[in-house]
Amino acid sequence: MSVLGIGLLYGAATLLLMMSGMSIAFALGGVAVIFMYFFMPASSLDTVTQNVYEEMASITLLSIPLFILKGAAIGKSAAGRDLYLALHAWMHRIPGGLGIANVFACGLFAAMAGSSPATCSAIGSAGIPEMRSRGYSGGFAAGIIAAGGTLGILLPPSITMILFAVAAEQSLGRLFLAGIGPGVLLVVLFSLYATWRYRVEYRAAEASHAAGGEKSAYLGQHVYTLREKVEMLPRVLPFVILLIGVMVALYGGYATPSETAGLGAVLALVLIATVYGLWRPSQLSPILVSTLRESTMLMFIIGMSLLYSYVMSYLHISQSAAEWIVGLALSKWLLLTVILLMVLVLGFFLPPVSIILMTAPIILPPLKAAGFDLIWFGVVMTIVMEMGLIHPPVGLNIFVIKNIAPDIPLRDVVWGVMPFVGLMLSAIVLCCFFPAIATAFPDAVMGVSTK
Amino acid sequence: MSHGYDPRPPGTTEPVPGMLGRFGRAMDRLNKALLVPCMLALLAAAGILSYSVFARYFFKIATDWQDEAAVFLLVGATFISGAYVQSQRGHIGIEALAGVLSPTVNRWRLIVVDIASGAFCLFFSWKSWTLFHEAWREGQTTTSSWSPPLWIPYSIMALGMTLVGLQLLLHVLGRIAALREAR
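Residues numbered from 1 in each chain as written. Chains lettered and ligands numbered in written order. Predicted model: local features only at pLDDT ≥ 70, side-chain atom pairs only at ≥ 80, totals over all residues. Heavy atoms only, no water.

Draft legend 1. Region of interest: the overall build of chain B. A count of helical and extended segments in chain B gives five helices and zero strands. Seen in sequence order, chain B has helices and strands lined up from the N terminus as α-α-α-α-α. Dimensions of chain B, computed from C-alpha atoms along their principal axes, come out at roughly 70 × 40 × 30 Å. In chain B, the proportion of contacts linking residues at least 24 apart, taken out of those at least 6 apart, comes to 72%. (Helix = DSSP H or I, 4+ residues; strand = E, 2+ residues; numbered from the N terminus. Contact = heavy atoms within 4.5 Å.)

Draft legend 2. Spotlight on the overall build of chain A. In terms of helices and strands, chain A carries 21 helices and zero strands. A compact globule built from 451 residues should have a C-alpha radius of gyration of about 22 Å, and chain A, at 23 Å, falls within 12% of that. Taken along the three principal axes of its C-alpha coordinates, chain A extends 75 × 50 × 45 Å. Among the 451 residues that make up chain A, the fraction classed as buried is 59%. Counted over contacts in chain A with a minimum sequence separation of 6, partners at least 24 positions apart contribute 78%. Accessible surface computed for chain A: about 16800 Å², of which carbon and sulfur atoms make up 69%. Within chain A, the 19 negative side-chain charges are centred at a point lying 10 Å from the centre of the 21 positive side-chain charges. (Rg over C-alpha atoms; globule rule 2.2 N^0.38 Å. Buried < 20%, exposed > 50% of the residue type's maximum accessible area, 1.4 Å probe, protein only. Areas by Shrake-Rupley, 256 points an atom, 1.4 Å probe, with all protein chains shown as cover. Lys, Arg positive; Asp, Glu negative; His and termini not counted. Charge placed at Lys NZ, Arg CZ, Asp CG, Glu CD.)

Draft legend 3. View of the pattern of salt bridges. Residues and elements named next belong to chain A. Scanning all chains against the criterion turns up twelve salt bridges over all chains. Close ionic contact of Arg-132 with Asp-407 constitutes a salt bridge, the shortest N to O distance being 3.0 Å. With Arg-132 in helix 8 (residues 116-133) and Asp-407 in the loop between helix 19 (396-404) and helix 20 (410-433), this pair connects stretches of sequence that are 275 residues apart. Exposure remark for Arg-132: the relative accessible area of 29% places this residue in the partly exposed category. With its nearest N and O atoms 3.4 Å apart, the salt bridge here joins Glu-231 to Arg-227. Linking Glu-231 with Arg-227, this pair stays in helix 12 (residues 226-251), spanning four residues, or about one helical turn. For Glu-231, a relative accessible area of 49% puts it in the partly exposed group. (Salt bridge = Lys/Arg side-chain N within 4 Å of Asp/Glu carboxyl O.)

Draft legend 4. Structural context of helix 10 (residues 159-168) of chain A. All names here are of chain A. Most of helix 10 is tucked away: eight of the ten residues are buried. Of all the residues in helix 10, the buried ones are Ile-159, Thr-160, Met-161, Ile-162, Leu-163, Phe-164, Ala-165 and Ala-168. Those residues of helix 10 that are buried are in contact with helix 5 (63-76), helix 11 (172-210), helix 14 (281-314), helix 17 (352-369) and helix 18 (374-390). Of the residues that open helix 10, the one with a side-chain oxygen 3.3 Å from the backbone nitrogen of Thr-160 is Ser-158. (Polar contact = N/O pair within 3.5 Å; in protein donor to acceptor, adjacent residues only side chain to side chain.)

Draft legend 5. Structural detail: the nonpolar core. Residues and elements named next belong to chain A. Grouped together as the largest cluster of nonpolar side chains are 208 residues, with contacts concentrated most on Ile-64 and Phe-377. Among the elements that make up this core, the one with the highest residue count is helix 14 (17 residues). Excluding residues within four positions of it along the chain, Phe-377 makes contact with Phe-164, Leu-336, Ile-339, Leu-340, Ile-363, Leu-364 and Leu-367. (Core = buried A, V, L, I, M, F, W, Y, C linked by side-chain atoms within 4.5 Å.)

Draft legend 6. Region of interest: unusual backbone geometry. Cis peptide bonds are those with omega within 30 degrees of zero, and the linkage from Pro-156 of chain A to Pro-157 of chain A qualifies with -5 degrees. Locating Pro-157 of chain A in the fold gives a position in the loop between helix 9 (138-149) and helix 10. Despite not being glycine, Ala-329 of chain A shows a phi value in the positive range, around 50 degrees. With respect to the helices, strands and loops of the structure, Ala-329 of chain A is situated in the loop between helix 15 (317-327) and helix 16 (332-347). The residue Ser-147 of chain B is not glycine, and still its phi comes out positive at about 40 degrees.

Draft legend 7. Just the packing of aromatic side chains, in detail. One pass over the structure, following the stated rule, counts 31 aromatic pairs over all chains. Geometrically, the ring pair formed by Trp-136 of chain B and Trp-151 of chain B is edge-to-face, given 5.0 Å between the ring centres and 75 degrees between the ring planes. Taken together, the residues span a long stretch of sequence, with Trp-136 of chain B in helix 4 (residues 103-138) and Trp-151 of chain B in helix 5 (residues 151-182) at a distance of 15 residues. A relative accessible area of 30% places Trp-151 of chain B in the partly exposed class. In this structure an aromatic cluster arises from ring pairing among Tyr-136, Phe-140, Phe-190, Tyr-193, Trp-196, Tyr-198, Tyr-202 and Phe-420 of chain A. Here Lys-332 of chain A stacks its cationic end above the ring of Phe-372 of chain A, 4.9 Å away from the centre of that ring. Above the face of the Trp-126 of chain B ring, Lys-127 of chain B is positioned so that its terminal group lies 4.1 Å from the ring centre. (Phe/Tyr/Trp six-rings, centres within 6.5 Å; stacked < 30°, edge-to-face > 60°. Lys NZ or Arg CZ within 6 Å of the ring centre and 35° of its normal.)

Draft legend 8. Seen up close, the side chain of Gln-86 of chain B. Structurally, Gln-86 of chain B can be placed in helix 3 (residues 82-87). Judged by its relative accessible area of 2%, Gln-86 of chain B falls in the buried class. For Gln-86 of chain B, the contacting residues outside a window of four places in its chain are Ser-23 and Phe-26 of chain A together with His-91, Val-164, Gln-167, Leu-168 and His-171 of chain B.

Draft legend 9. Examining the interface of chain A and chain B more closely. Taken together, the contact between chain A and chain B spans 66 residues of the former and 63 residues of the latter. With a closest N to O distance of 2.6 Å, Asp-46 of chain A and Lys-127 of chain B form a salt bridge. For the interface between chain A and chain B, the tally reads 13 residue pairs in polar contact (both at pLDDT 80 or more). If you tally residues by element for the side of chain A that touches chain B, the top one is helix 14 of chain A, at 15 residues. Its residues assigned to classes, the side of chain A that touches chain B shows 42 nonpolar, 19 polar and five charged. (Nonpolar A, V, L, I, M, F, W, Y, C, P; charged D, E, K, R; others polar.)

This is the structure:
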């Protein structure tokens, strides 16, 4: 059978098994094993498990469970609420300051926890009720948290980026740094939008009050004294120090990324023990169990995705597909648009980890040939996958929001997040026109890339 | 994905009578008991990697075994907790068709899916046990200077995948029993 035939069959089999509702990990592994049996030498089936083990036994990949542990430790403590309250106290005088405080809290928390849903639930469970009690509409409040939470896969340490670095054979340290600029850009865009939307909703509330309607909570004011503001700080500082400490360890050359993961997990556990008194085995075991649930599920998908791409490359499917794309001789930006659209559609159904591992061997060679910087592309691809996190039908963050604020109708949540999808899109466009948004920071810290 | 975030607490199922119930409860107990070494492995891996930073910078000790030890621990934690995650239905799939198909078709679909997943896991564990056997017989080690024996991670992987396979078998039997009852 020709490579094209096998390739089409491979795609069809994957689609069938995935849509059957089989676990993503077993579906990918199953497709790989079936094609090994029919199209590869018999001996390859004997080494299938060795193959998976060797691919998985990389300390970079296995730092993922430890990053998740760090995130779970911080996520299960009251750190999210404290961080949010402190930011709110300091920002409440700015118009829309409450919304902005939520965006900032999401960004900072995401950088500590490295996870989108954890950020949503930690900041949202305090932030959404607070915003709504101050008159913010349900959709607006939900949108801020859902979109703010996606910063978790863009700001370091992002699990998605670990996988991209492995798949694209790029420097993880550089990729982490490249996420910061666009992350800050998104925070700024989200904050500007929050201010604008706040004004619109505030004026509507004023108008309806003037017309004899009910006085909206928007019009009430609460003022924090300086003393209250200062008292908020000590609970937040240790976590900010953790954040900075881990970055210094990584970029000061003291620790490898995987050692940073271990160090971060240990420090997070020490901090929640000292600040929140969470140290008993009965308090720690829920943190560890939820870490295992999450990381085992991910590592199974990762292991099987690696097997899947190994088979795809052994059968020359990925190479041929890549050559075919190069052969189309699309213009540079059309190529990028087509690839990003594909990632976007996949993101509606699949978690970012499997998208990266399944598509990297096909899409990276053409992008490289077209002269794109793969670090830059990793960042742009991550923003696209962030859109998948808040876009129906799967949009994981939407479901997290439904869970913490069940009384906001799904319709309002979906319409509330849509403007943020637009903002992400404009961030991507900005990154295309000004690639330095992503690349300037890593170049400044680690020297200009030679790749 | 749900890093550190559980959408719902694990549901308690009604006790199932007979052989199937005993098998189910035994599996449940085993899975929960095995979580303890997995948790300890996570903590140990984090500890070892942190130690390696300090050892290198403060005591100038060469760090040759830490990365590999952490790999073994984390691979172990991943595979040994695999069956627990399966018992919680934590290995996520795409449930896009569930809403389109009729309940009867869905019931059969889930049985077929679980049989296929179980078959894959049992095949994988069979190949892992032969891999383990070979590594044990030939005394294979990793290629690093520390060179620990490879049968350790291989046996853990084999055991873990066997347990996931058994857990899936349990799901299949449970679904078939439910189907019989429904008739």
